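Chains, contacts and geometry: an overview
Each chain is listed here by its residues.
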Amino acid sequence: MVREGYKQTEMGMIPEDWSVVLLSSISKITRLAGYEYSTVWNETPNGEIIALRGFNIGANKINNRDIVRISNQLSMRLRRSRLYCGDVVYPCVGTIGNAAVVEEDDKYHIQQNIAKITPHKELYPYYLACYLMSIYGLKEVDRFNATSSQPNVLVGSLRKYRVILPKEIGEQKTIAQVLSDVDALIDGLEKLIAKKRDIKTATMQGLLAGKIRLPGFGEGKVYKQTELGEIPEDWEVIELGDVLSVHHGKDQKQVETQCGSYPILASGGEIGRTDTPLYSKPSVLIGRKGTIDKPMYMEQPFWTVDTLFYTEINEASSAKFLYYKFALIDWYSYNEASGVPSLNAKSITKIPLTIPTIFEEQQAIATVLSDMDEEILSLQVRLNKTKVIKKGVMQELLTGNIRLV
């Protein structure tokens, strides 16, 4: 049933004053010709113009990572693919799905596999960029992409993209602004998570080497020299076998149940469930074969298969502290196979590391790092939820199901 004030179209139900149009009718689309790229193109390290490649185009942003430059003279010679403020850039090969608006004149040029879309006056550039990255834009990619390997959109196909377009450019601007605000929130969360991870890495390296001491431990900061470098005087060098034993996992076929209470783990993560745990105490796990550089920490009971070692840790040591120490070990330096990476239990027990002699300090260090992990996880959950919300909001706004004006 069609709602009052709406109409049914090939793209679904939209407001009566909106329309479905071809991209070619509301913009001019060009790409750098193949013969131009092969015969005229010349990269210049100190050139004045940045030549954009696919990975330089993000979601509503241009990044200057690993940039290539050309001369202004060449850019002017290939003027039809030179970029100006208000142009939309869109990768046509490989990294299809992102789009960005150029915000400066005379700074950028497109390389061979990028489309330059110059909107007509009735099309707001930022609305188009949002639309090309939406589910509707991606459906148009699928409609014309004939290859199952590397996606490839021809300019002729791009011109035939269907665009759901509000009649008033003011409404286009309002929609784009809302989606831009959500993008800014997502970008802010991603940067905050990256910063928190960098802080955690620095803190982790300092605490686990004894270079940073927590209040109540080692106020005198007296250090001693060891074969592993300088460590606090109240720390010691041990082998992993001094504080834990390494055990093999077992075949899970006889214990696997669909809705079991405990995870069955392999080196790549959870692969099933069981009601019969193989081990029930806190443990650090490390891959025996395959993924050997991603230690796991388990407090709940679990089962491991043969590709994943688990450890039994003595009561004088903190399992969580050892997990963080595991995370700093270069596991591939202990790889014992030329094909699929593999570790040997006996070799693991011989790995030397530094450790506080006081159990409470191990616990305190683990608590600090665990709290940082929890904060990062909380931010990641918020980021994921925001991305899901954005998809829903985008779908509602770009079909006019929610009107903002």
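Refer to the preceding data block for the structure.
First, a word on scope: everything that follows refers to the structure included in this document. (Residues numbered from 1 in each chain as written. Predicted model: local features only at pLDDT ≥ 70, side-chain atom pairs only at ≥ 80, totals over all residues. Heavy atoms only, no water.)

Thoughts on the overall build of the protein chain
Our working definition: A helix here means a DSSP run of H or I that spans at least four residues, while a strand means a run of E at least two residues long, and both kinds are numbered starting from the N terminus. We take the radius of gyration over the C-alpha atoms and set the globule estimate at 2.2 Å times the residue count to the 0.38 power. Burial classification: accessible surface area is computed with a 1.4 Å probe over protein chains only, and a residue below 20% of its type maximum counts as buried, one above 50% as exposed, and the rest as partly exposed. For this analysis, residues touch if any pair of their heavy atoms sits within 4.5 Å. Surface accessibility in these figures is a Shrake-Rupley result with a 1.4 Å probe; residues are shielded only by whichever protein chains are displayed.
Scanning the protein chain for helices and strands turns up nine helices and 22 strands. In terms of overall size, the protein chain is more extended than a compact globule, its C-alpha atoms giving a radius of gyration of 28 Å where 405 residues would be expected to give roughly 22 Å. Once the C-alpha set of the protein chain is aligned to its principal axes, its extents read approximately 75 × 60 × 45 Å. Burial statistics for the protein chain: of 405 residues in total, 47% are counted as buried. A separation threshold of at least 6 residues defines the contact pool for the protein chain, and within that pool the share at least 24 residues apart is 69%. Summing over all exposed atoms, the protein chain offers an accessible surface of approximately 20,500 Å²; the carbon and sulfur share of this is 50%.

Section: the pattern of salt bridges
Note the threshold: Each reported salt bridge corresponds to a side-chain nitrogen of Lys or Arg within 4 Å of a carboxyl oxygen of Asp or Glu.
The final tally for this structure, using the stated rule, is 20 salt bridges. A salt bridge links Asp66 to Arg65, with the shortest nitrogen-to-oxygen separation between them at 3.7 Å. On the accessibility criterion, Arg65 (45% relative accessible area) is partly exposed. Residue Glu361 pairs with Arg213 through a salt bridge whose shortest N-O separation is 3.0 Å.

Concerning the pairing of strand E18 (residues 283-287)
Definition in use: A pair of strands is treated as paired once DSSP finds two or more bridges between them.
Of all five residues making up E18, five are buried, and the element is well covered by its neighbours. Across three bridges, the pairing between E18 and strand E19 (residues 296-298) is antiparallel. Within the sheet, the bridge partner assigned to Ser283 lies in E19 and is Met298. Here three bridges tie E18 to strand E21 (residues 308-313), and the two strands are oriented antiparallel to one another. Looking at E21, one finds that Gly287 is bridged to Leu308.

Remarks on the packing of aromatic side chains
The line we're drawing: For Phe, Tyr and Trp, where Trp contributes only its six-membered ring, two rings pair if their centres lie within 6.5 Å, and the inter-plane angle classes them as stacked under 30 degrees, edge-to-face over 60, or tilted in between.
Under the definition given, this model contains 13 aromatic pairs. Each ring, one from Tyr90 and one from Tyr161, has its centre 6.3 Å from the other, and the planes form 85 degrees; the classification is edge-to-face. Of the two residues, Tyr90 is situated in strand E7 (residues 88-91) and Tyr161 in the loop between helix H5 (155-158) and strand E11 (162-166); the sequence distance between them amounts to 71 residues. Here Tyr90 and Tyr161 have matching classes, each one buried. Taken together, the ring pairs connect Tyr90, Phe144 and Tyr161 into an aromatic cluster.

Re a nonpolar patch on the surface
For the record, the criterion: Here, patches come from residues exposed beyond 30% relative accessible area and free of salt bridges, joined within 9 Å for like charges and within 5 Å for nonpolar side chains (Val, Leu, Ile, Met, Phe, Trp, Tyr).
Residues Ile402, Leu404 and Val405 make up a contiguous nonpolar surface patch of about 260 Å² in total accessible area. Assignment of secondary structure puts Ile402 in the segment after helix H9 (359-398). Since its relative accessible area comes to 41%, Ile402 is described here as partly exposed.

Regarding the pairing of strand E4 (residues 27-31)
Extensive coverage of E4 is indicated by the burial of four of its five residues. For E4 and strand E10 (residues 114-119), the ladder comprises five bridges, and the chain directions are antiparallel. When the sheet's bridge partners are listed, Ser27 is paired in E10 with Pro119.

What to know about the sheet that holds strand E15 (residues 244-247)
Counted only if it meets this: Fitted lines through C-alpha atoms serve as axes, helices being fitted only where they are in contact, and the angles separating the N-to-C directions of these axes extend from 0 to 180 degrees.
Spatially, E15-E21-E18-E19 is the arrangement adopted by the four strands of the open sheet, whose pairing is antiparallel. The open sheet has two edge strands, E15 and E19, and neither has a second partner. For this sheet the average axis-to-axis angle between neighbouring strands, irrespective of direction, equals 30 degrees. Here helix H7 (residues 319-327) sits on the sheet and contacts E15, E18, E19 and E21; the angle it forms with E18, its principal contact strand, is near 25 degrees.

Quick notes on unusual backbone geometry
Not every positive phi belongs to a glycine, and Asn60 is a case in point at roughly 60 degrees. With respect to the helices, strands and loops of the structure, Asn60 is situated in the loop between strand E5 (49-52) and strand E6 (68-70). We classify Asn60 as partly exposed; its relative accessible area is 24%.

Comments concerning the nonpolar core
Test applied: Nonpolar cores are built from buried Ala, Val, Leu, Ile, Met, Phe, Trp, Tyr and Cys residues. Side-chain atoms within 4.5 Å join them into one set.
Formed by 38 residues in total, the largest nonpolar core has its most connected members in Leu23, Tyr90, Ile117 and Leu158. Once you skip the residues sitting within four places of it in the chain, Tyr90 turns out to touch Ile57, Ile96, Gly97, Asn98, Ala99, Ile114, Ala115, Ile117, Leu132, Val141, Leu158 and Tyr161. Core analysis: the next-biggest nonpolar cluster, separate from the first, contains 36 residues, Ile231, Trp235, Val243 and Leu353 among them.

As for the sheet that holds E6
If you walk across this open sheet you meet the three strands as E6-E5-E9, and the pairing is mixed. The open sheet has two edge strands with one neighbour each: E6 and strand E9 (108-110). Neighbouring strand axes in the sheet, compared pairwise and without regard to direction, differ in orientation by 45 degrees on average. Two strands pair when backbone bridges link them, and E5 and E6 are joined in this way by three bridges, in the antiparallel orientation. When the sheet's bridge partners are listed, Ala51 is paired in E6 with Val68.

Considerations on the state of the cysteines
Formally: In plain terms, two cysteine sulfur atoms within 2.5 Å form what is called a disulfide here.
Counted according to the given criterion, the structure contains zero disulfides. Here Cys130 is not cross-linked by a disulfide; its sulfur's nearest cysteine counterpart is in Cys85, at 16 Å.

Details of the environment of Ala51
Mapped onto the secondary structure, Ala51 falls in strand E5. Among all residues touching Ala51, those that are not within four sequence positions of it are Trp41, Asn56, Val68, Arg69, Ile70, His109 and Gln111.

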